[in-house]
Amino acid sequence: IITAIACDHRLHTPMYFFLLNLSVLDLGSISTTLPKAMANSLWDNRAISYPGCAAQLFMLVFLVVAEYFLLTVMAYDRYVAICKPLHYGTLLGSRACVHMAAAAWGSAFLNAVLHT
């Protein structure tokens, strides 16, 4: 999905911009826990350091919360596209999409810092 959206200029629309962000978040969330889980099963070891645990918790909370916030932004995008199609271009320009995605990522960061 990431490669297709990045390479095809016809897919540079708000919906695909948010799908690109969602794909990056999904890739990051699986990359947070899977390497340590694989290492633990390979070496039959369940130990993790305290800083490693905190870093893993921070990244997982950050990426999952960012995904939820981004799904909310995507729901707003679909609402505007369906209910206000004539205002779609003015309400969801490229600048507004970047601001909404940045707000989702920033809010998730603050939430992860708070919970970690």
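Quick caveat: nothing in here was measured; it's all calculated off a predicted structure.

Right, let's get into helix α3 (residues 50-83). Taking 1.5 Å per residue as the helical rise, α3 with its 34 residues ought to reach 50 Å, and the 49 Å between its terminal C-alpha atoms agrees with that figure. Every buried residue of α3 is accounted for by Phe-58, Val-61, Phe-62, Leu-63, Val-65, Ala-66, Glu-67, Leu-70, Val-73, Met-74, Asp-77 and Val-80. Those residues of α3 that are buried lie in contact with α2 (14-43), α4 (88-91) and α5 (94-115). Where α3 begins, the side chain of Ser-49 points an oxygen toward the backbone nitrogen of Gly-52, at a separation of 3.1 Å.

The terminal C-alpha atoms of α2 lie 45 Å apart, and with 30 residues this matches the ideal 44 Å at 1.5 Å per residue to within 8%. The largest bend in α2 is about 30°, located at Leu-34, with the proline Pro-35 one to four residues further on. The inward-facing, buried residues of α2 contact α1 (2-7), α3, α4 and α5. Positive phi shows up at Asp-44, right after α2, with a value of about 50°.

Under the UniProt annotation, "domain: G-protein coupled receptors family 1 profile" (unreviewed entry) lies at residues 1-116. Counted over residues 1-116, helix gives 83% and strand 0%. Its end C-alpha atoms are 31 Å apart.

It is at 10 Å that the axes of α2 and α5 come closest, and there the two elements cross at 25°. If you check the angle between α2 and α5, you find them roughly parallel. α5 is crossed by α2, and the crossing has right-handed handedness. Residues Pro-14, Phe-17, Phe-18, Asn-21, Val-24 and Leu-25 of α2 touch α5, and the partners they reach there are Cys-97, Val-98, Met-100, Ala-101 and Trp-105. Residues belonging to the contact of α2 with α5 are distributed by class as follows: 10 nonpolar, 1 polar and no charged.

A word on the packing of aromatic side chains. According to the stated counting rule, one finds 6 aromatic pairs in the structure shown. An aromatic cluster of three or more residues is present, and its members are Phe-58, Phe-62, Trp-105 and Phe-109.

Note that Ala-47 resides in the loop between α2 and α3. A C-alpha to C-alpha distance of 9.9 Å links Ala-47 and Lys-36, two positions 11 residues apart in sequence. Sequence-distant contacts of Ala-47, defined by excluding residues within four places in its chain, comprise Lys-36 and Asn-40.

With that settled, consider unusual backbone geometry. Leave glycine aside and you will find that most residues have negative phi; peptide bonds, for their part, are mostly trans. In this structure, Asp-44 is a non-glycine residue whose phi angle is positive, near 50°. Position of Asp-44 among the secondary structure elements: in the loop between α2 and α3. What makes Asp-44 exposed here is its relative accessible area of 73%.

The biggest cluster of nonpolar side chains holds 20 residues, and the ones touching the most others in it are Phe-18 and Leu-92. For this core, the leading source of residues is α3, giving 10 residues.

The rules behind the values
- Residues numbered from 1 in each chain as written.
- Predicted model: local features only at pLDDT ≥ 70, side-chain atom pairs only at ≥ 80, totals over all residues.
- Heavy atoms only, no water.
- Helix = DSSP H or I, 4+ residues; strand = E, 2+ residues; numbered from the N terminus.
- Expected span 1.5 Å × (residues − 1).
- Buried < 20%, exposed > 50% of the residue type's maximum accessible area, 1.4 Å probe, protein only.
- Contact = heavy atoms within 4.5 Å.
- Polar contact = N/O pair within 3.5 Å; in protein donor to acceptor, adjacent residues only side chain to side chain.
- Bend = angle between axes of the 7 residues up to and from the residue.
- UniProt positions renumbered as here; feature names shortened; annotations may be inferred.
- Axes fitted to C-alpha atoms, helices over the stretch in contact; angles between N-to-C directions.
- Parallel < 35°, antiparallel > 145°, perpendicular 65-115°, else oblique.
- Left-handed = near helix turned anticlockwise from the far one by under 90°.
- Nonpolar A, V, L, I, M, F, W, Y, C, P; charged D, E, K, R; others polar.
- Phe/Tyr/Trp six-rings, centres within 6.5 Å; stacked < 30°, edge-to-face > 60°.
- Core = buried A, V, L, I, M, F, W, Y, C linked by side-chain atoms within 4.5 Å.

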